[in-house]
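Secondary and tertiary structure notes
These are the residues of each chain, in order.
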Amino acid sequence: MATNTPVRAAVAALLVALPAAGLVAQTAVKLPKNKFTPKQDVELGLEAAAEVRKQYPIIKDEKIAQYLTALGDRLVATAPAELKEPVYQYSFTPVNLKDINAFALPGGPMFVNRGMFDAAASEGEVVGVMAHELSHVLLRHGTANITKSQNPWLQLGQIAGAVGGAVVGQAGSAIAQGSQFGLGTLMLRYSRDFEKQADLLGAQIMARAGYDPRALAHMFETIAAESKGSGGTPQWMSSHPDPGNRTVYITKEAEALTIASAADVSQFAPIKATFKAMPPGKSMAELERGNASSGGEEARTVGTPGRPVPSPSAQFRDISGGKVFQASVPDNWTSLPSKSSIKVVPENGYGELNGQTSFTHGVEFGVTRPASRDLQEATKGWLNAVAQNNPELKLAGEQQAVRISQRSAIATPLVNPSPLGGQERIVVYTTFLSDGTLFYYFTVVPDKDAGAFQDVFRRITASIRLTEVR
Ligand SMILES: [Zn+2]
């Protein structure tokens, strides 16, 4: 067995240099409000993890997997007993992606990217990020995020089945991408307050496991530097926003903690060498593009875009979306529920075209968290989000004040290049639900078919009833 004398000596020196250690109390970290049970955390997490394992390049190397599990087990062992729900099912899975990222799902499953190891200067840095992620699990931040959300669509029954795809990324139509309220995003995008809590609890757990918490602060500095260098926002930063002063408060917390006898870090260098010897990993962006072109999460299609679209049936049937709305749609159209939206499309209106999922004909209903309480502003915010994925999307006339289910709404006419060539016409309707959520509905049709779809769109639009319980 390898020894780690120099590290022990270094940590011992550090403890000597910190006379305040143990005198200042560590910060008390509390569980936030949560309407879910720990068992529901586990169910959600396991379902999402199964989906992640299907879609992410999981590293099968036994040595790496065992090493990561040993690190994770050590952290779980030293985590506060009162936060460790017996139902939790911890797992620690290495992922062959080069982005510096790690994430944990409710109830225990954790995924650590290879990029995290490549960027880490010491084992303590990887352990720090894992302790931070474990803290999100123990504090149940994922389901606390859902608890906090105002989205009436999110009832557990509907969450099931929507989680995995949302975690993995969107592969839907371009316009839907901007509008979808991804559950993975909701669950894994933490507030600055949750971030700070995970940092503090993470620091406490790492200290008890024999690592200096300042390694966590250093890893965050590395991640921040990386994001500046690349010019983009790495996935880590978009789901774990910087609460500010991270280094300062982690250092302060570290001074209040007693670091247990140093962990054996002799495996870190050989593991890094094992990674180096492997062929390069993909980036998340490459993975998402691959998933999109191979069907990805929205594998369901309705025929093949470009083939003739049959006339809408004169017979209509009723559909409903959660407790939010009811509407009537042609009975030869197909409903595609996903996350917090439902598309209803005719044959050949939604499917693969030139390796891309394309939504050429039909309607979509959905809800989203508004950027403002003002309908005009909230609509603008939603359209801006959609435009990010549709850079050529343009207004095609004046916005109009209309009514949907007796409520004030805005109709926005737009044009966009159609995946079939030429232009497509889109009309977006937006209104607020009574809890302040933005309800949207849009119609999409290529210019050449606009006349043939005019009546059916008018009839669907008039049929919408908002049925939320007030
Ligand atoms: Zn975090």
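Sequence order sets the numbering: in each chain, residues are counted from 1 along the sequence as written. Given that the model is predicted, a residue must reach a pLDDT of at least 70 before its local features are reported, and side-chain atom pairs must reach 80 or more before they are shown or counted; all residues, however, enter totals for whole chains, interfaces and linings. Side-chain numbers here rest on the full set of heavy atoms in the structure, without hydrogens or water.

Structural notes on the confidence of the model for the protein chain
This prediction gives the protein chain a mean pLDDT of 82; 81% of its residues lie at or above 70. Note: pLDDT gives the predictor's confidence per residue, expressed from 0 to 100. Here, two residues are considered to be in contact whenever any of their heavy atoms come within 4.5 Å of each other. The low-confidence segment residues 1–23 (pLDDT under 50) makes 25 contacts with residues lying over four places distant or belonging to another chain. Contacts for the low-pLDDT stretch residues 292–299, under 50 throughout, to residues beyond four places or in other chains number 22 contacts.

Section: the sheet that holds strand E4 (residues 316–321)
The pairing criterion for strands is at least two bridges between them, as found by DSSP. Every helix listed is a DSSP run of H or I at least four residues long, and every strand listed is a run of E at least two residues long, numbered separately from the N terminus. Pairing within the open sheet is antiparallel, and its three strands lie in the order E4-E5-E16. Looking at the sheet topology across the chains shown, the edges are occupied by E4 and strand E16 (465–466). Sheet topology places E4 next to strand E5 (residues 325–330); six bridges connect them, and they run antiparallel. Note that in E5 the partner of Gly321 across the bridge is Phe325.

With respect to helix H18 (residues 450–463)
For an α-helix, the turn length of 3.6 residues means that residues three or four places apart are oriented alike. To estimate how far a helix should reach, multiply one less than its number of residues by 1.5 Å. Over its 14 residues, H18 runs 20 Å from end to end, which matches the ideal 20 Å to within 8%, given 1.5 Å per residue. One fitted axis covers the seven residues ending at a residue, a second covers the seven starting there, and the bend at that residue is the angle between these axes. The largest bend along H18 reaches roughly 25° and is located at Val456. Residues Ala450, Phe453, Val456, Phe457, Ile460, Thr461 and Ser463 constitute the buried set of H18. Tucked inside the fold, the buried residues of H18 contact E4, E5, strand E10 (362–368), strand E14 (423–432), strand E15 (438–446) and E16. Exposure is judged per residue with a 1.4 Å probe applied to protein chains only, and the accessible area is read against the type maximum: over 50% gives exposed, under 20% gives buried, and values in between give partly exposed.

As for helix H2 (residues 38–55)
Compared with the 26 Å implied by 1.5 Å per residue over 18 residues, the 26 Å span of H2 between its first and last C-alpha is a close match. Buried within H2 are the following residues: Pro38, Asp41, Val42, Leu44, Gly45, Ala48, Ala49, Val52 and Gln55. Projection of H2 onto a plane perpendicular to its axis shows the buried side chains occupying an angular sector of 165°, all on one side. Among the exposed residues of H2, those pointing more than 90 degrees away from its buried face are Lys39 and Lys54. Regarding the arc, it is the one traced by the directions from the helix axis to the C-beta atoms.

Notes on the coordination of the zinc ion
For Na, K and Ca the donor cut-off is 3.2 Å; for every other metal, N, O and S atoms count as donors within 2.8 Å. Water does not enter the count, which can leave sites looking incomplete. Distances from the zinc ion to its protein donors, His132 (NE2), His136 (NE2), Glu195 (OE), Glu195 (OE) and His240 (ND1), fall at 1.9 to 2.7 Å. Read from N- to C-terminus, the donor residues coordinating the zinc ion fall into the pattern H-x3-H-x58-E-x44-H. With a gap of four residues between them, His132 and His136 both fall in helix H5 (residues 123–138), about one helical turn apart. Comparing His132 with His136 shows no difference in burial state: the two are buried.

What about the packing of helix H6 (residues 141–148) against helix H11 (residues 192–208)?
Think of each axis as a best-fit line through the C-alpha atoms, taken over the contacting stretch in the case of a helix, with angles from 0 to 180 degrees between the N-to-C directions. Viewed as axis vectors pointing N to C, H6 and H11 meet at an angle of 160°, and their least axial separation amounts to 12 Å. Taken together, the axes of H6 and H11 are roughly antiparallel relative to one another. Crossing of H6 against H11: the hand is right-handed. Side by side, H6 and H11 meet where His141, Ala144, Asn145 and Lys148 of the first sit next to Phe194, Gln197 and Ala198 of the second. In this classification, the charged set is Asp, Glu, Lys and Arg, the nonpolar set is Ala, Val, Leu, Ile, Met, Phe, Trp, Tyr, Cys and Pro, and all remaining amino acids, among them Gly, are polar. For the contact of H6 with H11, the per-class residue count stands at three nonpolar, three polar and one charged. Relative orientations are named as follows: roughly parallel for angles under 35 degrees, roughly antiparallel for angles over 145 degrees, roughly perpendicular for angles from 65 to 115 degrees, and oblique for any other angle. Should the near helix be turned anticlockwise from the far one by less than a right angle, the crossing is termed left-handed; should it be turned clockwise, right-handed.

Re the pairing of E10
Most of E10 sits inside the fold, with seven of its seven residues counted as buried. Residue alternation in E10 divides its side chains into two sets, Gly362, Glu364, Gly366 and Thr368 and Val363, Phe365 and Val367, and both sets are buried. In this structure, strand E7 (residues 341–345) lies alongside E10, joined through four bridges in antiparallel fashion. Paired with Lys343 across the bridge in E10 is Glu364.

Things to note about the packing of helix H3 (residues 62–78) against helix H15 (residues 268–277)
Two packed helices can be described by the angle between their axes and the distance between those axes. Contact geometry of H3 with H15 gives a least axis separation of 10 Å together with a crossing angle of 140°. Considering their axes alone, H3 and H15 lie oblique with respect to each other. Helix-helix and strand crossings are classified by hand; for H3 and H15 the assignment is left-handed. Contacts between H3 and H15 involve Lys63, Ile64 and Tyr67 on the former and, on the latter, Phe268, Ile271, Thr274 and Phe275. A per-class count over the contact of H3 with H15 returns five nonpolar, one polar and one charged.

Focus on the nonpolar core
In this structure, Leu75, Val112, Met116, Phe117, Met130, Leu134 and Leu138 are the most contacted members of the largest nonpolar core, which totals 50 residues. Among the elements that take part in this core, H5 stands out by supplying eight residues, more than any other. Each residue touching Met130, except ones within four places of it in the same chain, is listed here: Leu68, Leu71, Gly72, Leu75, Phe92, Met110 and Val112. By size, the runner-up hydrophobic cluster in this structure holds 27 residues, among which are Phe365, Val367, Ile460 and Ile464. Definition of nonpolar core: a set of buried residues of the types Ala, Val, Leu, Ile, Met, Phe, Trp, Tyr and Cys, connected through side-chain atoms within 4.5 Å.

Points about the sheet that holds strand E2 (residues 102–104)
Pairing is mixed across the open sheet formed by three strands, whose spatial order is E1-E3-E2. The open sheet is flanked by strand E1 (91–95) and E2, the only strands paired with a single partner. Averaged over all adjacent pairs, the angle separating strand axes in this sheet is 15°, with direction ignored. Sitting on the sheet, H3 is in contact with E1 and strand E3 (109–113), with an inclination near 140° to E1.

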